[in-house]
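Coordinate inspection notes
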Amino acid sequence: MIGKVLDVGCGHGSIVSSLVDAGLSEPDMYVGIDLSAEMVKNAIERYGSARNGKTGKGRLFVDDDFLTHDFGGDGVFDAVILCSALHDLPDLEASIAKASSLTRSNGGKIIVVHAQGAQHVLGQHQANPVMVKRGLPTANEWNEMLNSHNEWGLTLEYEPADARSDRDMKEGYLTVLSK
């Protein structure tokens, strides 16, 4: 069973089914946020607003800016997932700082994933640097960033594959940061 999850850049909720399959059974344990009201509307239509009979809370989709939205306190999520989203956020370090502040201490996780991999994102960046401002951080870049921001309390638990590597081609991009 996994705990309460924040899905940053949730779009139409594409990872909800995978999270449910992984054990996210209670609907009040998921919050998805996306800038696009249209995508959030589609997510609600697709997954509804299921209610937990014990708590009365429901799965929540929010159309707002992740960096400015008030989630109601620090350490409120067991995991923050950025699925195909980190490279689209305007400030990488501010985004990780915010995710860290929302992740519970002692085992909380920040998961950065892109199914098509780091090389794909680099290709998007090269083709359209206005829309895709950067690639995804390498393991060395993560280590440098985490070392210069001890206040985040994060460690690199799982390093991403290098762009252009066989692993990146086969597995995509995955980084796990732990508190």
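Whatever comes next refers back to the structure up there.
Residues numbered from 1 in each chain as written. Predicted model: local features only at pLDDT ≥ 70, side-chain atom pairs only at ≥ 80, totals over all residues. Heavy atoms only, no water.

Once that is clear, we can look at the overall build of the protein. The helix and strand inventory of the protein stands at 6 helices and 7 strands. If you list the helices and strands of the protein from N to C, you get β-α-β-α-β-β-α-β-α-α-β-α-β. At 16 Å, the protein has a C-alpha radius of gyration in line with the 16 Å of a compact globule built from 179 residues. The C-alpha extent of the protein, read off along each of the three principal axes, is 45 × 35 × 30 Å. For the protein, the residues scored as buried account for 43% of the 179 residues in total. Sequence separation of at least 24 residues holds for 68% of the intrachain contacts in the protein that already meet a minimum separation of 6. Surface summary for the protein: the accessible area is close to 9200 Å², and the carbon and sulfur share equals 50%. (Helix = DSSP H or I, 4+ residues; strand = E, 2+ residues; numbered from the N terminus. Rg over C-alpha atoms; globule rule 2.2 N^0.38 Å. Buried < 20%, exposed > 50% of the residue type's maximum accessible area, 1.4 Å probe, protein only. Contact = heavy atoms within 4.5 Å. Areas by Shrake-Rupley, 256 points an atom, 1.4 Å probe, with all protein chains shown as cover.)

Every buried residue belonging to helix H5 (residues 139-148) is among Ala139, Trp142, Met145 and Leu146, and all of these are buried. Taken end-on, H5 shows its buried residues confined to a sector of 125°, consistent with a single buried face. Turned more than 90 degrees from where H5 packs its buried face, Asn140, Glu144 and Asn147 sit exposed. Next to the buried residues of H5 lie helix H3 (92-102), strand S5 (109-114), strand S6 (155-158) and strand S7 (173-178). (Arc of directions from axis to C-beta.)

Turning to its location among the elements, His114 is positioned in strand S5. Sequence-distant contacts of His114, that is, excluding residues within four places in its chain, are made with Ser84, His87, His120, Val121, Leu136, Gly172 and Tyr173.

All right, on to the state of the cysteines then. For the coordinates displayed, the defined rule picks out 0 disulfides. Free cysteine: Cys10, not disulfide-bonded; nearest cysteine sulfur from Cys83 at 11 Å. Assessed through its relative accessible area of 4%, Cys10 is described here as buried. (Disulfide = S-S within 2.5 Å.)

So, about unusual backbone geometry. Even without glycine at this site, Ser84 takes up a positive phi of about 55°. One can find Ser84 in the loop between strand S4 (79-83) and H3. The class for Ser84 is partly exposed, based on a relative accessible area of 32%.

Glancing now at the sheet that holds strand S3 (residues 60-63). Across the sheet, which stays open at both edges, the 7 strands sit in the order S3-S2-S1-S4-S5-S7-S6 with mixed pairing between neighbours. The sheet is open, and its two borders are formed by S3 and S6, each paired with just one other strand. Strand after strand, the sheet turns through a mean of 20° between neighbouring axes, direction not considered. Two elements, strand S1 (residues 5-8) and S4, share 4 bridges in a ladder whose sense is parallel. Counterpart to Leu6 in the pairing with S4 is Val80. Packing against the sheet, H3 makes contact with S1, S4, S5 and S7, and its axis sits at approximately 135° to S5. (Pairing = 2+ DSSP bridges. Axes fitted to C-alpha atoms, helices over the stretch in contact; angles between N-to-C directions.)

We now examine the environment of His12. Residue position: His12 is located in the loop between S1 and helix H1 (16-21). Sequence separation of His12 and Asp34 is 22 residues, and the distance between their C-alpha atoms is 8.8 Å. Apart from the residues within four sequence positions on either side, His12 is in contact with Met39, Asn42, Ala43, Arg46 and Tyr47. Within the structure, the side chain of His12 is placed 2.3 Å from the side chain of Arg46, a separation counted as a polar contact. (Polar contact = N/O pair within 3.5 Å; in protein donor to acceptor, adjacent residues only side chain to side chain.)

Our focus in this paragraph is the packing of aromatic side chains. Counted under the stated rule, the structure contains 3 aromatic pairs. With centroids separated by 6.2 Å and ring planes inclined at 55°, the aromatic side chains of Phe66 and Phe71 adopt a geometry described as tilted. The same class applies to Phe66 as to Phe71, namely buried. Relative to Phe77, the ring of Phe71 lies with its centre 5.9 Å away and its plane at 80°, an arrangement referred to as edge-to-face. (Phe/Tyr/Trp six-rings, centres within 6.5 Å; stacked < 30°, edge-to-face > 60°.)

Note that all results are geometric; they support no functional claim without further evidence.
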